[in-house]
Amino acid sequence: MYIKPIGKIDINTAAEFGTTTNDLLDDIKELVLDFAEITYISSIGLRVLLELQKRMNQQGVMTITNVAPEVMEIFKMTGFSNILTIA
């Protein structure tokens, strides 16, 4: 499954992003999140990614692609660059 979110994943959008994405994952073996249009991710957004990663670890793989430098910096500062598969 390929998902391309747009904008920010923060307190205003993280819950909807997480719920919507999670609802689509039944029987999915591969999840690709294209972050080309993501400009910011907050700590709650990181938590959503962690939850998605945990679920996909049980049923398949999750990859994040096209991460902007400012979002990659957040991943690096928080250690998420070591947890997530980023291509």
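What you see is a predicted model, and the numbers here were worked out from it, not measured in a lab. (Residues numbered from 1 in each chain as written. Predicted model: local features only at pLDDT ≥ 70, side-chain atom pairs only at ≥ 80, totals over all residues. Heavy atoms only, no water.)

Asks: Sorry, what's going on with the sheet that holds strand E3 (residues 30–34) here?
Replies: Overall, parallel pairing links the three strands, which are arranged E1-E3-E5 in an open sheet. Both outer strands of the open sheet, strand E1 (2–3) and strand E5 (61–65), are each paired with one neighbouring strand and no more. Pairing analysis gives five bridges linking E3 to E5, with the strands arranged parallel. Within the sheet, the bridge partner assigned to aspartate 34 lies in E5 and is threonine 65. (Pairing = 2+ DSSP bridges. Helix = DSSP H or I, 4+ residues; strand = E, 2+ residues; numbered from the N terminus.)

Asks: Looking at this structure, I do not really get the pairing of E3. What am I missing?
Replies: Looking along a regular strand, one sees side chains alternate from face to face of the sheet. With respect to burial, E3 is a largely interior element, four of its five residues being buried. By the bridge criterion, two bridges tie E1 to E3 in an arrangement that is parallel. Counterpart to tyrosine 2 in the pairing with E3 is valine 32. (Buried < 20%, exposed > 50% of the residue type's maximum accessible area, 1.4 Å probe, protein only.)

Asks: Looking at this structure, I do not really get the pattern of salt bridges. What am I missing?
Replies: Note that side chains of opposite charge can pair when their charged atoms are close. Under the defined criterion, the tally for this structure stands at two salt bridges. Its salt-bridge partner being aspartate 26, residue arginine 55 comes within 2.7 Å of it at the nearest N-O pair. Of this pair, arginine 55 sits in helix H2 (residues 43–59) while aspartate 26 is found in the loop between helix H1 (14–23) and E3, placing the two residues 29 residues apart along the sequence. Here glutamate 51 makes a salt bridge to arginine 47, at a shortest N to O gap of 3.2 Å. Of the two residues, glutamate 51 and arginine 47 are both situated in helix H2; the distance of four residues between them amounts to about one turn of the helix. (Salt bridge = Lys/Arg side-chain N within 4 Å of Asp/Glu carboxyl O.)

Asks: Could you clarify how one ought to interpret the packing of aromatic side chains in this entry?
Replies: Remark: the centre distance and the inter-plane angle together describe each pair of aromatic rings, the angle taken between the planes. By the definition in use, this model includes one aromatic pair. Pairing phenylalanine 35 with phenylalanine 75 gives two aromatic rings, centres 6.3 Å apart and planes at 35°, and the pair type is tilted. Linking phenylalanine 35 in the loop between E3 and strand E4 (37–41) with phenylalanine 75 in helix H3 (residues 69–78), this pair joins segments that are 40 residues apart in sequence. Relative accessible area serves as the criterion here: at 0%, phenylalanine 35 is assigned to the buried category. (Phe/Tyr/Trp six-rings, centres within 6.5 Å; stacked < 30°, edge-to-face > 60°.)

Asks: Help me out: how do you make sense of H1 in this one?
Replies: Along an α-helix, a turn takes 3.6 residues, which lines up residues three or four apart on a common side. Listed in full, the buried residues belonging to H1 are Ala14, Phe17, Gly18 and Thr21. For H1, the buried positions fall inside an angular range of 95° around the axis, keeping them on one side. When the buried face of H1 is taken as reference, the exposed residues oriented beyond 90 degrees from it are Ala15, Glu16 and Asp23. Residues of H1 that are buried make contact with E1, strand E2 (6–9), E3 and H2. (Arc of directions from axis to C-beta. Contact = heavy atoms within 4.5 Å.)

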